[in-house]
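# Notes for the structure review
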There are 2 protein chains.
Amino acid sequence: MNPYFMSRFLNRIISINKHMKKMIGVVVAILLLSIHSSSAQKIVTKRPNIIVFLVDDMGWLDTSVPFWTNKTNQNKLFRTPNMEQLAAEGMKFTNAYANPVCTPSRVSMLTGVSAAKHHVINWTSPFKNNNTDNVDEQMGSAKWNMNGLSNVADIPFTFHATTFPSLLKSSGYFTVHVGKAHWGSSGTPGSNPYNLGFMVNISGQSSGHPQSYLGEENYGNVPLKPTIQAVSDLQEYHGSNTFLTEALTKEALKTLDAPIQQGQPFFLHLSHYAVHVPLQADSRFVKRYLDMGLDSAEANYASLVEGMDKSLGDVMHYLKEKKVDQHTIILFMSDNGGFSLSGKRIRAKESHTQNLPLKAGKGSVYEGGVRIPFIVKWPGIAQKGAVTDAPVIVDDLFPTIMEMAGIKKYSTIQSIDGKSMVDVIRKPAINNERTFIWHYPVKWTNTDGPGINFHSAIRKGNWKLIYNMRNGVSELYNLKEDIGELNDRSNYFPEILKELKSSLSDSLRKWSSPMPVFKSTNKTVPMPDEL
Amino acid sequence: MNPYFMSRFLNRIISINKHMKKMIGVVVAILLLSIHSSSAQKIVTKRPNIIVFLVDDMGWLDTSVPFWTNKTNQNKLFRTPNMEQLAAEGMKFTNAYANPVCTPSRVSMLTGVSAAKHHVINWTSPFKNNNTDNVDEQMGSAKWNMNGLSNVADIPFTFHATTFPSLLKSSGYFTVHVGKAHWGSSGTPGSNPYNLGFMVNISGQSSGHPQSYLGEENYGNVPLKPTIQAVSDLQEYHGSNTFLTEALTKEALKTLDAPIQQGQPFFLHLSHYAVHVPLQADSRFVKRYLDMGLDSAEANYASLVEGMDKSLGDVMHYLKEKKVDQHTIILFMSDNGGFSLSGKRIRAKESHTQNLPLKAGKGSVYEGGVRIPFIVKWPGIAQKGAVTDAPVIVDDLFPTIMEMAGIKKYSTIQSIDGKSMVDVIRKPAINNERTFIWHYPVKWTNTDGPGINFHSAIRKGNWKLIYNMRNGVSELYNLKEDIGELNDRSNYFPEILKELKSSLSDSLRKWSSPMPVFKSTNKTVPMPDEL
């Protein structure tokens, strides 16, 4: 109703004198002014912007920010000043987890569901219906959702679920994905970030690594080379010396101009291809590490890390420049442990030593494979420079971000396993006993490694049980006193061993988690509590 | 100011009795209700949604909608029921123009500037600094902006300008590009639609045609094939039988869900790769044309047209379903005349007969190369089924769309040549005398064709002059009585010939338009009025 009609309407129903008319006029005028100054847009911007800054394959110690009680030599090697800044402005989590490899973590993040339950327990192939497991002599493949996540029901071999970005989008957020997606195989809906709740997608596709990080190589868009890993959407930088990490950062920040100008809250999933193989040198940063005497692969890796850190700095700088830094939450994390297989053009040093004191690395259910760097900056809420030992896991991002965005009522196809971290962020010292399960019942690499190939694990409080499906052996570690998982305590704490075996088995049974079979008998691998 | 404080404030400054207080309460309550029901979002949505539905290389007669006074056999051959529907709901333009090839038209559309002035007078290569002209024995290359359009100053060989999507974006529109972009070469900002004012880009890149229209061929994303024309961003449909036109339509409509739900006006540039070569069959539609006895290339072409028309129908259906059809303007057009070179896997029939009665086709400054199908549906404004003979050109889209969006004040780097069509749309019979210039001073094909290679042209009222730079000959036609440009009237109307020569030359001089040189003398080709 416009003011003119309102005034006429009021004149008609109420008998008033001229003086009163004037007063009503004043009320109307003031109210109209107040409407203009407190527009719907401003109400909307009270919801915070949220950025998930996801790094690929970055190890727990591959940063100058120590996530352990001690600052290791590794922490001293890497240079990540912007992560330091972020940690100083936010809260550091020393017991944060993901899954042993990427797609399971990415699906858990978007759906809030444990990998053992969503059954996307391995990385997905860029090609549909293509099992990425390696063939094993002893064990036959577990049946898993090898096509990844799907927003559509009844797509074979997918996990059908509601993603949190789709809920953010319906509630008015501007949702952006930039970088590595890897949620599903080509030929299925999950390969397309637009189907998973994102309004903008730059370079997100079905592949899990870039063909090349180099602008000079058009990020792999070169005739006569395989195209599935060639990074899309960045032709602007083809032929230039713009490193992929830099190009993705620039494109990500471009997308935020419009929502910031229009006062719309945004969610940005800035998901770097770095620091995944191929370990190509980021020429802006590699010299320092070569000068330190590092092997070229290790120097390249460190340059990838520093380039990623520069991206984080650019994001923080942009937010400040746009005056939305005090209104933007940043969640920094990796999608699994650091890569620890050595070989030609991959990591140097002896295999599985890269994440010490953590055991093993990517692909393993030991701490080296699943423990990740995790920092949350939430201006006005997270205490600056706070540190918490509260255990959290990638599944927690879903309910956490919903709570951050103030979305209380929503429905999802799946039941959510994650717990919101908001209470922990408000009170870092909170008692937050949790049970986490890792389930990786397939052959990831041709050669078994520590905790690698056909393993499950469970952490409850400080205790962690490792179950090796090949030989049926369960190990037990107390992480509080033995973060390196060196002293198997299974013989000394049979009750705890039994409890964890039973807890792990119950969950795997309840979730009908994929299990391999013994080829010799064609029988399914037993649950740990059956042994 | 919230109602509580407002009420207290009013109580303090005005001495009122209880009865009056109650009345003020009523006013406040009613006003607050009216704020909620007419939220800022609803105010914003009063601005119309705008869709430019752009077809690539579609000829003037390649549709069942006749744009001439007569319905030709060609009109009877093609089946485009959704174009018929659009024409019935909107206004048909019988004298609409673009440039002889695609990039010049696309740059003119986005910038409102005549191609002779923006100097992007040929199609741009996907590769930077790569002149796409063919080498000629007689003529040396004109210097032109071979890298296309740029939003950034001082990029070599580009036209630096403000695009209308960037103005729509700043004014609160949600701006989306889907399909063929081809505004600039890789390695320059113009290759990236995000730089040209689009908030979303799906499959827009530096290449001018798709590697393949077939989902079965992953739209060209096949190892060991050239990648620059492989269509990006559509992995969801890889390996499926989804034709490219269909995939782009589905993706385009997905992007509109959020702005419609959030009440934000949108601008969609749905820019089909169809009906450009390669002429691959759209299997949903090709049978009819083969059954009619068409040669396979022609049948494929007709199926591409019908698939494009199906896309238009899907868009209109979607808008109705979402209840925004009465609030959405659709501008339908092609970017140049129909392709008329015959050969293997391209068009059949004799070359340059495909657009009869129009002379020649794509690449030519004769009508066959520049006259395009053009329809505007503007619910409530454009009279249903209206037809206008008013001449319009692709440069007009910029000011037209600005006026449609209600954006009156804006500044641009470039001066705009186009005129808003809004008056014509309101009054189709309006006298709208215009002067249009086409300037294509390069070698497009190895073999000269009618009006093809080193030509300029000017239309003023019904008169059109064709200038052939090779031999300095100017022809003069009266389009009103001779749409086929068959009867050169230059000998009979020397005054008009002189006026048009002079007008064309003046513009080319004023705009420092690129001109080729004669290799033998190294002298620039003379302006027509110098001969």
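Because the structure is a prediction, the values reported are computed rather than measured.

All names here are of chain A. Between helix H9 (residues 244–262) and helix H11 (residues 296–321), whose axes approach to 10 Å, the crossing angle comes to 15°. The angle between H9 and H11 falls in the class roughly parallel. H11 is crossed by H9, and the crossing has right-handed handedness. Counted together, Thr245, Glu246, Thr249, Leu253, Leu256, Asp257 and Ile260 of H9 and Gly307, Met308, Lys310, Ser311, Asp314, Val315 and Tyr318 of H11 form the full contact between these two elements.

Right, let's get into the sheet that holds strand E19 (residues 523–524) of chain B. Residues and elements named next belong to chain B. Spatial strand order, E4-E18-E19: three strands in an open sheet with antiparallel pairing. The open sheet has two edge strands with one neighbour each: strand E4 (139–140) and E19. Pairing of strand E18 (residues 517–518) with E19, which is carried by two bridges, proceeds in the antiparallel orientation. Opposite phenylalanine 518, over in E19, you have lysine 523 as the bridge partner.

Right, let's get into the sheet that holds strand E15 (residues 455–460) of chain A. In sheet architecture, strand pairing relies on hydrogen bonds along the backbone and comes in two forms, parallel and antiparallel. All names here are of chain A. Within the open sheet, the four strands sit side by side as E14-E15-E16-E17. Their pairing is antiparallel. The two strands at the open ends of the sheet, each matched to only one other strand, are strand E14 (435–440) and strand E17 (474–478). Here the strands of the sheet are splayed against their neighbours by 15° on average, with no regard to which way each runs. Of the strands in this sheet, E14, E15, strand E16 (463–468) and E17 touch helix H15 (residues 494–510), which is tilted by about 115° from E15.

The subject of this paragraph is the domain arrangement of chain A. All names here are of chain A. As far as domains go, chain A holds domain 1 (3–42), domain 2 (46–132 + 145–432) and domain 3 (454–530). If you average the C-alpha positions of domain 2 and of domain 3, the two centres end up 28 Å apart. Of the residues lining the interface, 18 residues belong to domain 2; the matching set on domain 3 comes to 17 residues. In total, about 1,400 Å² of surface goes out of reach between domain 2 and domain 3, with carbon and sulfur atoms giving 62% of it. The interface formed by domain 2 and domain 3 holds one salt bridge in total. With its nearest N and O atoms 2.8 Å apart, the salt bridge here joins lysine 464 to glutamate 367. Here domain 2 and domain 3 share 10 residue pairs in polar contact (both at pLDDT 80 or more) between them. Of all the elements in the fold, those that place two or more residues in the side of domain 2 that touches domain 3 are helix H7 (115–118) and helix H12 (367–370). Of the residues belonging to the side of domain 2 that touches domain 3, the class tally is 10 nonpolar, three polar and five charged.

Residue and element names in this part refer to chain B. Among the secondary structure elements, asparagine 151 is positioned in the loop between strand E5 (148–150) and strand E6 (158–160). Given the relative accessible area of 30%, asparagine 151 is considered partly exposed. Apart from residues no more than four positions distant in its own chain, asparagine 151 is found in contact with His160, Ala161, Pro189, Asn195 and Leu196. Here asparagine 195 takes part through its backbone oxygen, which lies 3.3 Å from a polar atom of the side chain of asparagine 151.

Here we come to the side chain of A:Thr245. Residue and element names in this part refer to chain A. In this structure, threonine 245 sits in helix H9. Looking at threonine 245, the relative accessible area reads 1%, which means it is buried. Dropping the residues within four chain positions of it, threonine 245 is found in contact with His272, Ala274, Gly307, Met308 and Ser311.

Attention now goes to the side chain of A:Lys92. Residue and element names in this part refer to chain A. Assignment of secondary structure puts lysine 92 in strand E2 (residues 91–93). Among buried Asp, Glu, Lys and Arg side chains, lysine 92 stands out as unpaired, with aspartate 389 the closest opposite charge at 8.9 Å. Of the polar contacts made by the side chain of lysine 92, one reaches the backbone oxygen of proline 66; its length is 2.5 Å. Those residues in contact with lysine 92, other than ones at most four positions away along the chain, are Val65, Pro66, Phe67, Phe374, Ala386, Val387 and Thr388.

In this section: the pattern of salt bridges. Residues and elements named next belong to chain A. Per the stated rule, a full pass over the model turns up 54 salt bridges over all chains. Residue glutamate 306 pairs with arginine 79 through a salt bridge whose shortest N-O separation is 3.1 Å. Of this pair, glutamate 306 sits in helix H11 while arginine 79 sits in the loop between helix H4 (73–77) and helix H5 (81–89); the two residues are 227 residues apart in sequence, bridging distant segments of the chain. Its relative accessible area of 37% is what places arginine 79 among the partly exposed residues.

Time to look at the packing of aromatic side chains. By the definition in use, this model includes 31 aromatic pairs over all chains. Summarising the aromatic geometry, the rings of A:Phe339 and A:Trp444 are spaced 6.3 Å apart at their centres and angled 80° between planes, so their arrangement reads as edge-to-face. One end of the pair, A:Phe339, is in the loop between strand E10 (328–334) and H12; the other, A:Trp444, is in the loop between E14 and E15, with 105 residues separating them in the sequence. Owing to a relative accessible area of 13%, A:Phe339 belongs among the buried residues under this scheme. Feature note: the residues A:Phe164, A:Trp183, A:Phe198, A:Phe267, A:Phe398 and A:Tyr410 constitute an aromatic cluster, connected by ring pairs. Sitting above the plane of the A:Phe67 ring, A:Lys92 keeps its charged end 5.8 Å from the centroid. The ring of B:Tyr492 carries the charged tip of B:Arg489 above its face, separated from the ring centre by 4.9 Å.

Before going further, it helps to spend a moment on the pairing of E14(A). Residues and elements named next belong to chain A. Burial analysis of E14 places five of its six residues in the buried class, which makes it a mostly covered element. As paired elements, E14 and E15 share six bridges and run antiparallel to each other. What sits directly across from threonine 435, in E15, is lysine 460.

Another aspect to go through is the nonpolar core. Counting residues in each nonpolar core, the largest one holds 121 residues, and the members touching the most others are A:Phe332 and B:Phe332. For A:Phe332, the contacting residues outside a window of four places in its chain are A:Phe53, A:Val55, A:Met58, A:Met83, A:Leu86, A:Met308, A:Leu312, A:Pro373, A:Phe374 and A:Ile375.

The first and last C-alpha atoms of H15(A) sit 24 Å apart over 17 residues, in line with the 24 Å expected at 1.5 Å per residue. A:Ile496, A:Leu497, A:Leu500, A:Lys501, A:Ser503, A:Leu504, A:Ser505, A:Ser507 and A:Leu508 are the residues of H15(A) that are buried.

The rules behind each value
Residues numbered from 1 in each chain as written. Chains lettered and ligands numbered in written order. Predicted model: local features only at pLDDT ≥ 70, side-chain atom pairs only at ≥ 80, totals over all residues. Heavy atoms only, no water. Axes fitted to C-alpha atoms, helices over the stretch in contact; angles between N-to-C directions. Helix = DSSP H or I, 4+ residues; strand = E, 2+ residues; numbered from the N terminus. Parallel < 35°, antiparallel > 145°, perpendicular 65-115°, else oblique. Left-handed = near helix turned anticlockwise from the far one by under 90°. Contact = heavy atoms within 4.5 Å. Pairing = 2+ DSSP bridges. Domains from an automatic or database assignment. Buried area = accessible area lost by both parts, 1.4 Å probe. Salt bridge = Lys/Arg side-chain N within 4 Å of Asp/Glu carboxyl O. Polar contact = N/O pair within 3.5 Å; in protein donor to acceptor, adjacent residues only side chain to side chain. Nonpolar A, V, L, I, M, F, W, Y, C, P; charged D, E, K, R; others polar. Buried < 20%, exposed > 50% of the residue type's maximum accessible area, 1.4 Å probe, protein only. Lys, Arg positive; Asp, Glu negative; His and termini not counted. Phe/Tyr/Trp six-rings, centres within 6.5 Å; stacked < 30°, edge-to-face > 60°. Lys NZ or Arg CZ within 6 Å of the ring centre and 35° of its normal. Core = buried A, V, L, I, M, F, W, Y, C linked by side-chain atoms within 4.5 Å. Expected span 1.5 Å × (residues − 1).

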